Amino acid sequence: MLKTNFLGVELASPLMNASGVHCMSIEELEELANSQAGAFITKTATQLEREGNSKPRYYDTKLGSINSMGLPNKGLDYYLNYVIERQQQGTQLQFLSVTEMSYEENINLLSKIQRSGYQGVTEFNLSCPNVPGKPQIAYDFELTKKLLSEVFTFFTKPLGVKLPPYFDIAHFDEMATILNKFPLTYVNSVNSIGNGLCINIDKEQVVIKPKGGFGGLGGEYIKPTALANVRAFRERLNPNIKIIGTGGVINGKDVFEHILCGADLVQVGTTLHKEGVDVFTRLNEELKVIMKEKGYTSLEQFRGRLKIIE
């Protein structure tokens, strides 16, 4: 009932982790691999290992979470070697997330992946909002176009991009026009909503240390924005560019809504952090119940079929 096809690979479920959650170490990645998720993705890797921002840098809230992690990761080689090893074992579809701090570093990073034996999917994160002093690439449309133009002069393997949330119809139009120029495998919408602020009223203090308490919002807060971005890009992108929906997935209803808006796969972040990998079992079962109630026997029967009021 929940089977879906991605790049010719049949997945048992449309669910994945969101990069950044439960994917720092090989041990965590193996837990994801052995869970009821249909696929999983690595922590966003930079060329060299990073400690990330000062702690506390993550805080659970009633409606989700706020974080300013600063890209802590074990470095590209750690994750690249892992996904190549799994690829050689013939297990699952591999997703490798990467980004860097500058234009040149991004080109070097992707060049290294191109030269490697890795044949899985690379997710190029254009939307990391929580590195002090570094802007999000995907909010600079000309830079995004220039960067992807150079990347696709040499990169021939499956490549998706992770985007920040957009809030203006003109921005949906402009970014989709840019993305449609390239042979992208997918677009992942959305990363956290940048620069939120949460306060501990008892201490009269912010709840995370980096950036004076400013951080990316995830969880329930962002579901309407995430759904809007999935819907907007599904309506504007070439049909061959798939959509991964991310943001605000708490229960099976949320998964259903992402798929109804056009998502091919759905990633889980804050709720995975709070519940652990068993969350995928729960979400799969809740999605099945909704589908049975509505008479659906496959995801394709309702994917992208959101109705509007005439």
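Because the structure is predicted, anything quoted here is derived from the model rather than measured. (Residues numbered from 1 in each chain as written. Predicted model: local features only at pLDDT ≥ 70, side-chain atom pairs only at ≥ 80, totals over all residues. Heavy atoms only, no water.)

**Student:** Any details on helix H9 (residues 279-294)? Residues and values, ideally.
**Tutor:** Side chains three or four residues apart in an α-helix point the same way, a direct result of the helix having 3.6 residues per turn. For H9, built from 16 residues, the straight-helix expectation of 22 Å at 1.5 Å per residue is met to within 8% by its first-to-last C-alpha distance of 23 Å. Of the surrounding elements, those touching the buried residues of H9 are strand E3 (15-17), helix H1 (26-33), helix H7 (252-260), strand E16 (265-268) and helix H8 (270-275). (Helix = DSSP H or I, 4+ residues; strand = E, 2+ residues; numbered from the N terminus. Expected span 1.5 Å × (residues − 1). Contact = heavy atoms within 4.5 Å.)

**Student:** Could you give an account of a nonpolar patch on the surface, naming the residues involved and the relevant values?
**Tutor:** Together, Leu197, Ile199, Val206 and Phe214 make up an exposed nonpolar region whose accessible area comes to about 350 Å². One can find phenylalanine 214 in strand E14 (residues 214-219). (Patch = residues over 30% accessible without salt bridge, like charges linked within 9 Å, V, L, I, M, F, W, Y side chains within 5 Å. Areas by Shrake-Rupley, 256 points an atom, 1.4 Å probe, with all protein chains shown as cover. Salt bridge = Lys/Arg side-chain N within 4 Å of Asp/Glu carboxyl O.)

**Student:** Run through the sheet that holds strand E6 (residues 64-67), naming residues and quoting values.
**Tutor:** Strand order across the open sheet formed by 4 strands is E5-E6-E14-E11, with antiparallel pairing between neighbours. Since the sheet does not close on itself, it has two edges, and those belong to strand E5 (58-61) and strand E11 (193-197), each with one partner. Sheet twist, expressed as the average angle between the axes of neighbouring strands with direction ignored, equals 40°. As defined by bridge partners, E5 adjoins E6 across 4 bridges and the pair is classed as antiparallel. Considered in E6, the bridge of aspartate 60 is made with serine 65. (Pairing = 2+ DSSP bridges. Axes fitted to C-alpha atoms, helices over the stretch in contact; angles between N-to-C directions.)

**Student:** Summarise the layout of surface pockets; cite the residues concerned and give the values.
**Tutor:** It is a probe the size of a water molecule, rolled over the atoms, that shows where empty space is left. The calculated volume of the largest pocket comes to roughly 760 Å³. Around the largest pocket, the lining is made up of 43 residues, and of these Ser19, Gly20, Val21, Asn67 and Met69 lie nearest the centre. Only E6, E14, E16 and H8 provide two or more residues apiece to the lining of the largest pocket. Residues that form the lining of the largest pocket fall into these classes: 17 nonpolar, 23 polar and 3 charged. In this structure, the second largest pocket occupies an estimated 220 Å³ of space. Lining the second largest pocket are 19 residues; nearest its centre among them are Glu100, Met101, Lys134, Pro135 and Ile137. Classifying every residue of the lining of the second largest pocket by side-chain character gives 10 nonpolar, 6 polar and 3 charged. (1 Å grid on protein atoms, 1.4 Å probe; cavity = no way out; pocket = protein on both sides within 12 Å on 5 of 7 lines; lining within 4 Å. Points joined across faces, edges and corners; volume = space filled by probe spheres on them. Nonpolar A, V, L, I, M, F, W, Y, C, P; charged D, E, K, R; others polar.)

**Student:** Lay out the environment of proline 239 in plain terms, naming residues and giving numbers.
**Tutor:** By the element assignment, proline 239 lies in the loop between helix H6 (223-236) and strand E15 (242-246). Its relative accessible area of 78% is what places proline 239 among the exposed residues. Distance from proline 239 to asparagine 180, taken between C-alpha atoms, is 9.7 Å for residues 59 residues apart in sequence. (Buried < 20%, exposed > 50% of the residue type's maximum accessible area, 1.4 Å probe, protein only.)

**Student:** Could you give an account of the UniProt feature "binding site: substrate" (unreviewed entry) in the chain, naming the residues involved and the relevant values?
**Tutor:** The UniProt entry lists Lys43, Asn67, Ser68, Met69, Gly70, Leu71, Asn125, Asn191 and Ser192 under the feature "binding site: substrate" (unreviewed entry), expressed in the numbering used here. As for the annotated residues, the ones lining the largest pocket are Lys43, Asn67, Met69, Gly70, Leu71, Asn125, Asn191 and Ser192. Residue position: methionine 69 is located in the loop between E6 and helix H2 (76-89). Mapping leucine 71 onto the fold places it in the loop between E6 and H2. (UniProt positions renumbered as here; feature names shortened; annotations may be inferred.)

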